[in-house]
Amino acid sequence: MSIRPVKRIIESKPTIEGAGVKLRRAFGFGETSEFDPFLLFDDFRNDRPNDYRAGFPWHPHRGIETITYVLAGSVDHGDSLGNRGKLGSGDVQWMTAGSGIMHQEMPQGDPQGRMHGFQLWANLPSALKMTAPRYQDIKAAEIPEIVDDDGTRVRVVCGDFWGRRGPVEGVAADPRYLDIAVPAGRRKTLPIEVERHAFAYVFEGSGSFRSASQPFGVLTERGTDECETLIREHTGYRSLVLFDSGDEVTVQAGEEGIRFLLVSGKPIEEPVAWYGPIVMNTQSELDQALAELRNGTFIK
């Protein structure tokens, strides 16, 4: 067995999307070959309703899958095919845009005004980019949770892990999407097949990810009255850890424990042509999609 070393630490950056939603982006809209088959990862955590209520009005998607995981508050969603629904705390939506839909997502806070969730984009291979759109709306109670002997808790959203299988099925990149909480002071080693790209996104507590040689502190923010500084320490709040090759990762939880998403998938290794939420393989395919948007033939 070989422990995956930490390849890079990425501090998520403040970004404004949709009609003015303030969120943090760890990667996306650039060179994403290190994350293949994944294209973008956003953390939309906010306790100021004015910073998120404008939401994400109608916008197109084609050639990708979007994975929305809600931790606090809710998200009302709808699309041009007539689908409507609400995602609540602990719920997941895995949307295969395929040949194209128009979609909207409108976040609502909890009674205290808090909104927190994640959105991950997964690429579709060329053979499936024009497949029929579909939804997999998963309620929190449907997601299996495993509790190990040392108190480690794992919610299995997608893929196989520790003998349990997540409820999301039939995804092209065969991803594994896990929500992991390791208790204070515990060290945990988690398997990841060597052929997969993998990253962790830490969103609660503190800890360090270890390579075969030494711990690698996570880049984080430390705010004061005067300014914010970046330091490298045993914590991972809103930072993404990109792993190099190997077949397992090891995390050492800090004094408060640590909670993170662990995401992995098999690379598609195809060219990527971007135009926001439309992702094809070539510029000509992208041009065709944009022409269809203009002339009203985008929805198949």
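Scroll up to find the structure.
Numbers given to residues run from 1 along each chain, matching the order in which its sequence is written. Only residues with pLDDT of at least 70 are given local features in this predicted model, and only at 80 or more are side-chain atom pairs given and counted; all residues enter the totals for whole chains, interfaces and linings. Side-chain calculation: all heavy atoms of the structure are included, whereas hydrogens and water are not.

So, the sheet that holds strand β5 (residues 56-61)
Point 1. Taking strand neighbours across the sheet as the criterion, the four strands line up as β5-β10-β7-β8 in an open arrangement whose pairing is antiparallel. Taken across any chain shown, the strands that pair with only one partner, and hence form the sheet edges, are β5 and β8 (84-87). For this sheet, the mean angle separating the axes of adjacent strands, direction not counted, is 25°.
Point 2. Between any two strands, pairing holds if DSSP finds at least two bridges. A run of DSSP states H or I qualifies as a helix once it reaches four residues; a run of E qualifies as a strand once it reaches two. Both are numbered from the N-terminal end. Strand direction decides the pairing type here: strand β7 (residues 74-79) and β8, joined by four bridges, are antiparallel. To obtain an axis, a line is fitted to C-alpha atoms, over the contacting stretch when the element is a helix, and the angle between two such axes runs from 0 to 180 degrees between their N-to-C directions.

Description of the environment of Pro111
Point 1. Structurally, the position occupied by Pro111 is in the loop between β10 (101-108) and β11 (115-123).
Point 2. Through-space distance from the C-alpha of Pro111 to that of Glu255 is 30 Å; in sequence the pair is 144 residues apart.

Notes on empty space enclosed by the protein
Point 1. Residues are said to line a cavity or pocket when one of their atoms sits within 4 Å of a point; the points come from a 1 Å grid over protein atoms alone, cavities being sets where a 1.4 Å probe fits but cannot get out and pockets being open sets with protein on both sides within 12 Å along at least five of seven lines. Grid points are joined across faces, edges and corners, and a volume is the space filled by probe spheres set on the points. Enumeration over the complete set of coordinates arrives at one cavity of 30 Å³ or more.
Point 2. Here the largest cavity defines a volume of roughly 40 Å³.
Point 3. Val21, Lys22, Phe44, Arg45, Asn46, Tyr52, Phe56, Pro107 and Met115 together form the lining of the largest cavity.
Point 4. When residues of the lining of the largest cavity are traced back to their parent elements, those giving at least two are β3 (21-27) and β4 (38-46).
Point 5. It is β4 that provides the largest number of residues to the lining of the largest cavity, a total of three residues.

Looking at the environment of Gln112
Point 1. Mapped onto the secondary structure, Gln112 falls in the loop between β10 and β11.
Point 2. Throughout this description, buried means an accessible area under 20% of the type-specific maximum (1.4 Å probe, protein chains only), exposed means over 50%, and partly exposed covers the range between. Relative accessible area serves as the criterion here: at 53%, Gln112 is assigned to the exposed category.
Point 3. Spatially, the C-alpha atoms of Gln112 and Gly73 are 9.1 Å apart, while their sequence positions differ by 39 residues.
Point 4. Contacts described as polar in this section are N or O atom pairs within 3.5 Å, which, within protein, must combine one atom able to donate a hydrogen with one able to accept it, while residues neighboring in sequence count only if both atoms come from side chains. Of the polar contacts made by the side chain of Gln112, one reaches the side chain of Arg114; its length is 3.0 Å.

Comments concerning the nonpolar core
Point 1. To form a nonpolar core, buried Ala, Val, Leu, Ile, Met, Phe, Trp, Tyr and Cys residues must be joined to one another through side-chain atoms within 4.5 Å. Residues Phe27, Phe41, Phe118, Leu120, Tyr177, Phe199 and Leu240 are the most contacted members of the largest nonpolar core, which totals 28 residues.
Point 2. We call two residues contacting when some pair of their heavy atoms lies within 4.5 Å. With near-sequence residues (within four places) excluded, Phe118 lies in contact with Phe41, Asp42, Asp43, Phe44, Ile67, Thr68, Tyr69, Leu71, Tyr177, Tyr201, Phe203 and Leu261.
Point 3. Counting residues in each nonpolar core, the second largest holds 23 residues, with Val6, Ile9, Leu190 and Val251 among its members.

Points about helix α1 (residues 283-295)
Point 1. Taking 1.5 Å of rise per residue, the 13 residues of α1 would be expected to cover 18 Å, and the 18 Å separating its terminal C-alpha atoms lies within 8% of that figure.
Point 2. Among all positions of α1, only Leu286, Ala289, Leu290 and Glu292 are buried. Within α1, the buried residues cover an arc of 155° as seen down the axis, which keeps them to one side. In α1, those exposed residues whose orientation departs by more than 90 degrees from the buried face are Ser284, Arg294 and Asn295.
Point 3. In the core, the buried residues of α1 are packed alongside β25 (273-275) and β26 (278-280). Every helix has an expected span of 1.5 Å times one less than the residues it contains. Arc definition: it is the arc formed by the directions from the helix axis to the C-beta atoms.

Description of unusual backbone geometry
Point 1. Along the chain, Asp36 connects to Pro37 via a cis peptide bond; the corresponding omega equals 20°.
Point 2. Secondary-structure assignment places Pro37 in the loop between β3 and β4.
Point 3. A positive phi is found at Glu269, a non-glycine position, where the angle reads about 60°.
Point 4. Structurally, the position occupied by Glu269 is in the loop between β24 (248-265) and β25.
Point 5. Accessibility expressed as a relative area gives 69% for Glu269, which makes it exposed.

Thoughts on the sheet that holds strand β2 (residues 13-17)
Point 1. Strand order in the open sheet formed by seven strands is β2-β3-β4-β11-β6-β9-β12, and the pairing between neighbours is antiparallel. Each of the sheet's edge strands pairs with one partner strand only, and the pair in question is β2 and β12 (134-138). This sheet shows a mean twist of 20° between the axes of neighbouring strands, independent of strand direction.
Point 2. Where strand β9 (residues 92-96) lies against β12, five bridges are found, and the strand directions are antiparallel. Considered in β12, the bridge of Val92 is made with Ile138.

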